[in-house]
Amino acid sequence: METKEDDARNSVLSQLVESVKAISESSECRNAFKKICGNLVRRVKLLSPLFEELRDSDKQVVGEEEVKAFESLRLALVSTKLLLESVNQGSKLYQAFHRDEIVNKFHQMTEQLEAALKEIPYDKLPISDEAREQIELVHAQFKRAIERKESFDSQLEMDLDVVEKEKEPDPATLKRLSEKLHLKTICDLKKESLAFHELVIASGGDPGESFERMSSILKKLKDCVLSENPVDDTCKGDQTSIKHRSPVIPDDFRCPISLELMTDPVIVSTGQTYERSCIQKWLEAGHKTCPKTQQSLMHTALTPNYVLKSLIALWCENNGVGLPKKQGNCKSKKNGSKFSDCDRAAIAALLEKLANGNPEELRSATGELRLLAKRNADNRVCIAEAGAIPLLVELLSSQDLRTQEHAVTALLNLSINDSNKGTIVNAGAIPDIVDVLRNGSMEARENAAATLFSLSVIDENKVAIGAAGAIPALINLLCEGTPRGKKDAATAIFNLSIYQGNKARAVKAGIVVPLMRLLKDAGSGMVDEALAILAILASHQEGKMAIGQAEPITILVEVIRTGSHRNRENAAAVLWSLCTSDQQQLKLAKELGAEEALKELSENGTDRAKRKAGSILEVLQRLEGNC
């Protein structure tokens, strides 16, 4: 039988769940405070797992201390909801003019929420480790938000000042201001005019000195919007664009059985998470193992994954995806059947973020395009046709290293399509890719090298890539990169060196020394690549001289004796280039016993190796005749 204390506990927990839900479902803020509102809503959403788990728990929360702390947080959440509603209503220009006052309100609200969270005795609550860790993370986020007080957009402040003071402001400034204030359409401007009218009524006919300044800016914004969009629009455009977006669902949010977005995720005894209806059908069919790991299940109890459920809801909200109804029917799908081969709506939504998104949106959208371009050939065509390549090229200069890394890798994936190679080069990408190769993160440098190799398949691109200074940067990667990075660099250098002018560039940049170092280090895993590049450089006079100065004969003879078919062939080619023009190198080769190894190669090597070995043997015989 429940006591009054139990009733109070259940009541406050239910109210907390509803308060968090109400804030989570708040309309997206469409004014200058979009980022500040979004940050606050995002932090509050992450509280959901704690209160859902407590509300659904059979265990009791002990003592009045917890209930009192919850009540304090509930009041703070009510105030948060009221603040968000107030900021999302009324004149957007009026709010921008009173920005300092509104920013302070958000800061005070953050302090109030953090103080309430601090009072909750988490160690006394019957919650899972996952929920406790998430709440600790949220609390830490609120603390950081207090320490780093959010500021108003400085660019927006400058644009407001310029548009107000200048009689005919620059159209680019006006457009940027209209986008930041979300006064982009005729419908938006009609609503703003109505909000102005309500301001006048509310002020008793005297809205204050700032009213004339705001009116002047609104008129200029109207002229700007009308010049670009003279036809009247509807107010449903933004909703339609959100409704039809179809972003890629993160793999962690899909049920491993159905591959659908999970709505009721549960954890089995192995720690894996599944959609409840799907795993129940699996168990009802008599299976006693985990579908994903094939481990035996210690028991068949299903534990709700509240943390993942809240993250899925947050992702749906941020991507304009309606959370699907609970899956009463679970059918297994083959991988990839969920979406069409080319999801144009999703690609268009990602490009919109590339063009107008904040840094976090840019990073996320670039990463998603990277994955889409990797997935299949249709996506590579669709992404290019949608106009993504010039936007991705611009992001090669991003100060955010992760965004830069995503951009160069997306271009690498797109370049698999031959038609896209030309589009990438025509967008002016080569100098920027070379700059990433010089200065990016290690992964970005590796993928920049791979991109240059892909582009260099087209002969005219070999010239442009070499002229852009790629070869010294590739040599640096060859020396200091990861094993994968070294192979990417070597592959690009080899392909570029097919062009005669790039051979000279490579030799001048000092490539022979690191190649010889790799050749002599059997553990480097780079012997094949080093020999292949040396063989192609040896056909160039300057390359031949540089290789000869590196004293390569001993290692070349050893490779001819013991190497793989391909390496013996390349070693013979290098030796042939050296010995046919330098009698000293020929004598050294004879002294090291090259003749016996070459005879064996002339009988058992590849066709090219046999020819090279035969030619060297002829030169050696002439040498003996002269002696």
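Predicted model, so just to flag it, every value in this text is computed and none were measured.

## As for the overall build of the protein
Thinking step 1. Counting its secondary structure elements, the protein contains 34 helices and 3 strands.
Thinking step 2. Sorting the 627 residues of the protein into buried and exposed places 48% on the buried side.
Thinking step 3. Taking all contacts inside the protein whose residues are at least 6 apart in sequence as the whole, residues at least 24 apart take part in 72%.
Thinking step 4. Accessible surface for the protein amounts to roughly 31300 Å². Of this, 50% is attributable to carbon and sulfur atoms.

## So, unusual backbone geometry
Thinking step 1. Positive phi is not limited to glycine here, since His182 has a value of about 60°.
Thinking step 2. In this structure, His182 sits in the loop between helix H9 (171-180) and helix H10 (186-202).
Thinking step 3. With a phi angle near 55°, Glu551 is a residue other than glycine that sits in the positive phi range.
Thinking step 4. Within the element layout of this structure, Glu551 appears in the loop between helix H29 (541-549) and helix H30 (553-562).

## Topic: helix H26 (residues 500-508)
Thinking step 1. For H26, every residue scored as buried is listed here: Asn502, Lys503, Ala506 and Val507. Seen from one end, H26 has its buried residues packed into an arc of 140°, which puts them on one side.
Thinking step 2. Packing partners of the buried residues in H26 comprise helix H23 (459-467), helix H24 (470-480), helix H25 (483-496), helix H28 (527-537) and H29.
Thinking step 3. In the stretch just after H26, Gly510 is the one whose phi turns positive, near 85°.

## Examining the environment of Glu529
Thinking step 1. Turning to its location among the elements, Glu529 is positioned in helix H28.
Thinking step 2. Note: C-alpha distance between Glu529 and Ala490 (39 residues apart in sequence) is 6.2 Å.
Thinking step 3. The contacts of Glu529, once residues within four sequence positions are left out, are Lys487 and Ala490.
Thinking step 4. In this structure the side chain of Glu529 is engaged in a polar contact, spanning 2.9 Å, whose partner is the side chain of Lys487.

## Here's the deal with the nonpolar core
Thinking step 1. Leu392, Leu474, Ile511, Leu519, Leu537, Leu575 and Leu598 are the most contacted members of the largest nonpolar core, which totals 95 residues.
Thinking step 2. Those residues in contact with Ile511, other than ones at most four positions away along the chain, are Ile475, Ile493, Ala506, Ile533 and Leu537.
Thinking step 3. Formed by 60 residues, the second largest nonpolar core is a distinct cluster that contains Ile23, Leu54, Leu84 and Leu93.

## Observations concerning the pattern of salt bridges
Thinking step 1. Taken as a whole and judged by the stated rule, the model has 22 salt bridges.
Thinking step 2. The salt bridge partner of Lys487 is Glu529, with a shortest N-O separation of 2.9 Å. A residue pair is termed long-range when its members are at least 10 positions apart, and Lys487 in helix H25 and Glu529 in helix H28 qualify at 42 residues.
Thinking step 3. Beyond isolated ion pairs, a larger network of salt bridges with shared partners links Arg370, Arg402, Glu405 and Glu443.

## Thoughts on H30
In an α-helix, one full turn covers 3.6 residues, which means residues spaced three or four apart are oriented alike.
Thinking step 1. Of all the residues in H30, the buried ones are Ile553, Ile555, Leu556, Val557, Val559 and Ile560.
Thinking step 2. Tucked inside the fold, the buried residues of H30 contact helix H27 (512-520), H28, helix H31 (565-579), helix H32 (583-591) and helix H33 (594-604).

## Considerations on the side chain of Asn502
Thinking step 1. Tracing the backbone shows Asn502 in helix H26.
Thinking step 2. For Asn502, a relative accessible area of 0% puts it in the buried group.
Thinking step 3. In contact with Asn502, other than residues within four places in its own chain, are Lys462, Gly466, Ile471, Leu496 and Ser497.

## Topic: the sheet that holds strand E2 (residues 273-275)
Thinking step 1. Read from one edge of the open sheet, 3 strands run E2-E1-E3, paired in antiparallel fashion. The open sheet has two free edges, formed respectively by E2 and strand E3 (303-304), since each of these has just one partner strand.
Thinking step 2. Relative to E2, strand E1 (residues 265-267) is paired through 3 bridges, and the arrangement is antiparallel. Each residue of the ladder has a partner; that of Pro265, found in E2, is Glu275.
Thinking step 3. Packed on one face of the sheet, helix H13 (residues 276-284) meets E1, E2 and E3 and runs near 95° to E2.

## Remarks on the packing of aromatic side chains
Thinking step 1. One pass over the structure, following the stated rule, counts 0 aromatic pairs.
Thinking step 2. Over the ring of Trp576 we find Lys612, and its NZ or CZ is 4.0 Å from the ring centre.

## Some thoughts on the environment of Leu496
Thinking step 1. Residue placement: Leu496 occurs in helix H25.
Thinking step 2. Look at Leu496 and you get buried, because its relative accessible area is 0%.
Thinking step 3. The sequence separation of Leu496 and Val457 amounts to 39 residues, and the corresponding C-alpha distance is 8.7 Å.

## Details of the packing of helix H8 (residues 154-165) against H9
Thinking step 1. Contact geometry of H8 with H9 gives a least axis separation of 10 Å together with a crossing angle of 125°. In terms of orientation, H8 lies oblique with respect to H9. Crossing handedness for the pair H8 and H9: left-handed. Taking contact as the criterion, the partners of Gln155, Leu156, Asp159, Leu160, Val162 and Val163 in H8 are, on H9, Thr173, Leu174, Arg176, Leu177 and Lys180.
Thinking step 2. Class assignment of the residues belonging to the contact of H8 with H9 gives a composition of 6 nonpolar, 2 polar and 3 charged.

## Some words on the packing of helix H19 (residues 401-414) against helix H22 (residues 442-455)
Thinking step 1. Where H19 contacts H22, the two axes come as close as 9 Å, and the packing angle between them is 20°. Taken together, the axes of H19 and H22 are roughly parallel relative to one another. Note that H19 runs across H22; the crossing there is left-handed. Counted together, Arg402, Glu405, Val408, Thr409, Leu411 and Leu412 of H19 and Glu443, Ala444, Asn447, Ala448, Ala450 and Thr451 of H22 form the full contact between these two elements.
Thinking step 2. Taken together, the residues that form the contact of H19 with H22 break down as 6 nonpolar, 3 polar and 3 charged.

## Re the confidence of the model for the protein
Thinking step 1. When pLDDT is averaged along the protein, the result is 82; 86% of the residues meet or exceed 70.
Thinking step 2. Helix H21 (residues 429-439) holds the highest mean pLDDT among the elements of the protein, 95, whereas helix H12 (residues 237-243) holds the lowest, 41.
Thinking step 3. Every residue in residues 231-245 scores below 50 in pLDDT, and together they form 18 contacts with partners more than four places removed in sequence or on other chains.

Reading guide: rules and limits
- Residues numbered from 1 in each chain as written.
- Predicted model: local features only at pLDDT ≥ 70, side-chain atom pairs only at ≥ 80, totals over all residues.
- Heavy atoms only, no water.
- Helix = DSSP H or I, 4+ residues; strand = E, 2+ residues; numbered from the N terminus.
- Buried < 20%, exposed > 50% of the residue type's maximum accessible area, 1.4 Å probe, protein only.
- Contact = heavy atoms within 4.5 Å.
- Areas by Shrake-Rupley, 256 points an atom, 1.4 Å probe, with all protein chains shown as cover.
- Arc of directions from axis to C-beta.
- Polar contact = N/O pair within 3.5 Å; in protein donor to acceptor, adjacent residues only side chain to side chain.
- Core = buried A, V, L, I, M, F, W, Y, C linked by side-chain atoms within 4.5 Å.
- Salt bridge = Lys/Arg side-chain N within 4 Å of Asp/Glu carboxyl O.
- Pairing = 2+ DSSP bridges.
- Axes fitted to C-alpha atoms, helices over the stretch in contact; angles between N-to-C directions.
- Phe/Tyr/Trp six-rings, centres within 6.5 Å; stacked < 30°, edge-to-face > 60°.
- Lys NZ or Arg CZ within 6 Å of the ring centre and 35° of its normal.
- Parallel < 35°, antiparallel > 145°, perpendicular 65-115°, else oblique.
- Left-handed = near helix turned anticlockwise from the far one by under 90°.
- Nonpolar A, V, L, I, M, F, W, Y, C, P; charged D, E, K, R; others polar.
- pLDDT = per-residue confidence, 0-100.

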